[in-house]
Amino acid sequence: MAFVDDLGAALDKTPGGGIILTSLDAVMDWSRGKSLWMMPMGTACCAMELIAASFSRFDFDRLGSIPRPDPRHTDVMVVAGTITRKMAPAVKRLWEQMPEPKWCIAMGNCAVSGGIFYYDTYSVIRGVDEFLPVDVYISGCPPRPEALQDAILRLREQVKSESIVASRRRPVESILPQPGSPRRGASAGGEAE
Amino acid sequence: MTETVVNIGPSHPSTHGVCRVVVHLDGEIITHAEPIIGHLHRGIEKMAENRTYLQVVPLTDRLDYVGSMYANWAYCRAVERLAGIRVPERAEYIRVIVCELQRIASHMMGIGSTGADTGAFTAFMYTFAQREMVVELFELLCGARLTYNYVRPGGVSQDLPEGWVEQCRTFIAQHPSAMLEIDRLLFGNVIARARLKGVGVLSPEDAVGWGTSGPVARASGVDWDLRRDDPYSVYPRFDFSVPLGDNGDSYDRGRVRVWECVEACRIIGQALDQLEPGLVHAEGLPRLLAPRPGDAYDHIESARGSLGVYLVSDGTPRPWRMKVRSPAFCNLSVLPILAQGHTLSDLVVILGSLDPVFGEVDR
Amino acid sequence: MKIEDLRAHLCETYPDLCPLFSIEFGDGVLGVSAKRLHEAASDLKELGFDRLGMVTAVDYGDEFEMVYRIQSRDMYAGIFLKARIKRDKPVIASVCDLWPAANWQEREVFDLFGIVFEGHPDLRRILLTDDWVGFPLRKDYEDDRIIRRPDYI
């Protein structure tokens, strides 16, 4: 999408270009929102519901969301399941392989906050938002397939408000917490008690 | 000849979870395949040490997430053995019924993904339709689609709801014929037969020596089923047979699963006939179990093999140590033997036919 | 075969193992010293215990207890083989040469408890990353990443 990015940046600088830019945004967001192909980053129990969602009974395809295991084909990463310290570098790498614009859905309590694996465990990352910018959170252990469909519909709403200009988008860098560095989980856990 | 090293995973659609396989290739022939596991190691055994005996049950759900009821049951049997709890008969029957239903649900994933691995995706759709019916039954039973938390120490969490038995009978009446259709569709297919037959042959000696169990061992002709050979619960009251394979290849592993589903329907039918009204949970149990110091091990035949739980109690309300003997862990360890000498595309089929669930492999 | 018959059979074949045999919670337990573990294991294998079900360890403070569950197809029974080793010298003989199933299971025990198996062909970490520090299932394992669960009961 280099051409669209350049065009957007040029329009942003041109006086009066904003009118064309917003119209162009509307067209782009409409087309992007209707075909959010997803990268099923299924690791644990939620992956079963992710499979169930794309099969005949719940039929995910009618929302324009086709699961593609190749990160380079996809727009939205659905992190379904527990992410451990051994797995996190692989998730981060797959996220970085996805072309922009890209979105992330944290499916299930483990991906949201660590869920049942919040306390007493030495290997679980407490929420995928420690290193990925998450757009939609779905709670549940595991969430029902309908909840995932709801998340896709909500993501569409969000996509509608986005711009093709890179400077008007939120940052999408991923930072993996290093051992010993201060983490969100450690301080939040102390306050919760 | 130069050696090529190919890395598969940990996020790959055909590894059925988060398994990484480092494959050493000579041309297209695998000289060595090494599975690297632990990407889903959450430390459940450590977490159990800081929870009460009842609070561990939801953790066991997350072990084998395709067949949660089994881990529930194996854990509860170990607790019951440790604390000397007698389970009411109706609860035992309900446990057998739900676990045989779970076997069907779990095998539907296993058989379906075998189809997906060999390019026959239609079969996956058919098996998943059957799985959804079982999941619906479980949802009526306990409100959850995957993580049930239904089997508890001393019985089950609640009685069968109204109309459940009839719905279950409707399911088992149509299931065997649906299985025959899937069998014909998938294992009668020329392409699937060519992809599966003779691929990944496990000899009976290796099957025993490497500690495999369940359909993987039985496909190699190892006649070992805990339901019959180390009878637990009310299994001795049922008439069922244990399907065995001849060659121990991927084809036999798939076929054994098909026939196990049909046998599971027979067991459920008999259990529903013998089901009597009564208590579903042992009376007079304290809310906080604190078994006497000691250790206990109990195992059941899960969809993947013999699933055991080893518990050590120090007399406090929390277990001192919990160890899960996971069948998928042992079944996966034969992958290097099976893959050697096959092509890279066969590796996918072999891994799928072992039907590992990584929640259980890594714990 | 019942557990009492198994005991009689074991006593007949290997009289020196007989006094070590006890029955707890309906399971046969054979407690041996760490030095004799491999010898006892190979005796049991000759007796017909062809499957190794489980290898694990339990942390009892200054000692580790190694627990092996061994099963037999012909006798339809499983028994435990237990041996205690000192915490400051956690070394025990590997049983990989008897049952290949011990390969991964001993690696797991090495990974989580730090027990070294002598004679193991490939003793590496299996579940955790290779650069992990410490052995998590030991009771004295400290990690600043662990958040202790508040005591609700």
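The coordinates are above.
Counting of residues starts from 1 at the beginning of each chain's written sequence and follows it residue by residue. Chains carry letters from A onward and ligands carry numbers from 1 onward, assigned in written order. The predicted nature of this model means local features are confined to residues of pLDDT at least 70 and side-chain atom pairs, given and counted, to a pLDDT of 80 or more, with totals for whole chains, interfaces and linings taken over all residues.

Caption draft 1: Molecular detail of the overall build of chain A. Counting secondary structure elements, chain A contains seven helices and four strands. The helix and strand sequence of chain A, counted from the amino end, reads α-α-β-α-β-α-β-α-β-α-α. To sort residues by burial, count the other C-beta atoms lying within 10 Å of each one's C-beta; a count of 20 or more means buried, 12 or fewer means exposed, and anything in between means partly exposed. C-beta atoms are built from the backbone. Counting only residues that meet the buried cut, chain A has 41% of its 193 residues in that class. In chain A, once contacts between residues fewer than 6 apart in sequence are set aside, the share between residues at least 24 apart is 80%. Helix numbering and strand numbering both begin at the N terminus, where a helix is a DSSP run of H or I of at least 4 residues and a strand a DSSP run of E of at least 2. For every residue pair, C-beta atoms are placed from the backbone, and the pair is scored as a contact if these atoms sit within 7 Å.

Caption draft 2: Spotlight on the packing of helix α3 (residues 68-83) of chain B against helix α4 (residues 89-117) of chain B. Residue and element names in this part refer to chain B. Angles run from 0 to 180 degrees between N-to-C directions of axes, and those axes are lines fitted to C-alpha atoms, restricted for helices to the stretch in contact. Two elements in contact, α3 and α4, have axes whose closest approach is 8 Å; the angle formed by their N-to-C orientations is 140 degrees. In this structure, α3 crosses over α4, and the sense of that crossing is left-handed. Here α3 contributes M69, Y70 and W73 to the contact with α4, which in turn contributes R95, V98, C99 and Q102. Take the far helix as the reference: if the near one is turned anticlockwise from it by less than a right angle, the crossing is left-handed, and if turned clockwise, right-handed.

Caption draft 3: View of the sheet that holds strand β3 (residues 103-107) of chain A. Residues and elements named next belong to chain A. Between any two strands, pairing holds if DSSP finds at least two bridges. Across the sheet, which stays open at both edges, the four strands sit in the order β1-β2-β3-β4 with parallel pairing between neighbours. Only two strands of the sheet have a single partner each, and these edge strands are β1 (38-42) and β4 (136-138). Adjacent strand axes in the sheet meet at a mean angle of 15 degrees, parallel and antiparallel pairs treated alike. Note: β1 against strand β2 (residues 76-80), five bridges, orientation parallel. Paired with M41 across the bridge in β2 is V79.

Caption draft 4: Quick peek at the interface of chain A and chain B. Contacts between chain A and chain B engage 26 residues on the former and 26 residues on the latter. Of all the elements, helix α3 (residues 45-54) of chain A adds the most residues to the side of chain A that touches chain B, at three residues. Taken together, the residues that form the side of chain A that touches chain B break down as 15 nonpolar, six polar and five charged. The residue classification treats Ala, Val, Leu, Ile, Met, Phe, Trp, Tyr, Cys and Pro as nonpolar and Asp, Glu, Lys and Arg as charged. All others, Gly included, are polar.

Caption draft 5: Representation of the interface of chain A and chain C within the structure. In this complex, chain A contributes 11 residues to the contact, which on the side of chain C involves 10 residues. The residue makeup of the side of chain A that touches chain C, split by class, is four nonpolar, three polar and four charged.

Caption draft 6: Structural detail: the nonpolar core. Counting 203 residues, the largest nonpolar core has V78, V79, I105 and M107 of chain A as the members making the most contacts within it. Broken down by element, this core gets its largest block of residues, 14 residues, from α4 of chain B. We define the nonpolar core as any set of buried residues of the types Ala, Val, Leu, Ile, Met, Phe, Trp, Tyr and Cys, connected via C-beta atoms lying within 7 Å of each other.

Caption draft 7: View of the sheet that holds strand β1 (residues 3-8) of chain B. Residues and elements named next belong to chain B. Ordered by their spatial adjacency, three strands build an open sheet running β1-β2-β3, and the pairing between neighbours is antiparallel. Edge strands, defined here as strands with exactly one partner in the open sheet, are β1 and β3 (29-36). For this sheet, the mean inter-axis angle between neighbouring strands, taken without regard to orientation, is 20 degrees. Across the sheet, helix α14 (residues 344-354) is in contact with β1, β2 (20-26) and β3; its angle to β2 comes to roughly 145 degrees.

Caption draft 8: Geometry of the packing of α4 of chain B against helix α5 (residues 121-142) of chain B. Residue and element names in this part refer to chain B. Direction vectors running N to C along α4 and α5 enclose 160 degrees, while the axes themselves pass 8 Å from each other. Between α4 and α5, the interaxial angle falls into the category roughly antiparallel. Handedness of the α4/α5 crossing: left-handed. Seen from α4, the contacting residues are V98, L101, I104, A105, M108, M109, I111, G112, S113, G115 and A116; seen from α5, they are F121, A123, F124, T127, F128, Q130, R131, V134, V135, L137 and L141. Grouping the constituent residues of the contact of α4 with α5 by class yields 16 nonpolar, five polar and one charged. These descriptions rest on fixed angle ranges, namely under 35 degrees for roughly parallel, over 145 for roughly antiparallel, 65 to 115 for roughly perpendicular, and the rest for oblique.

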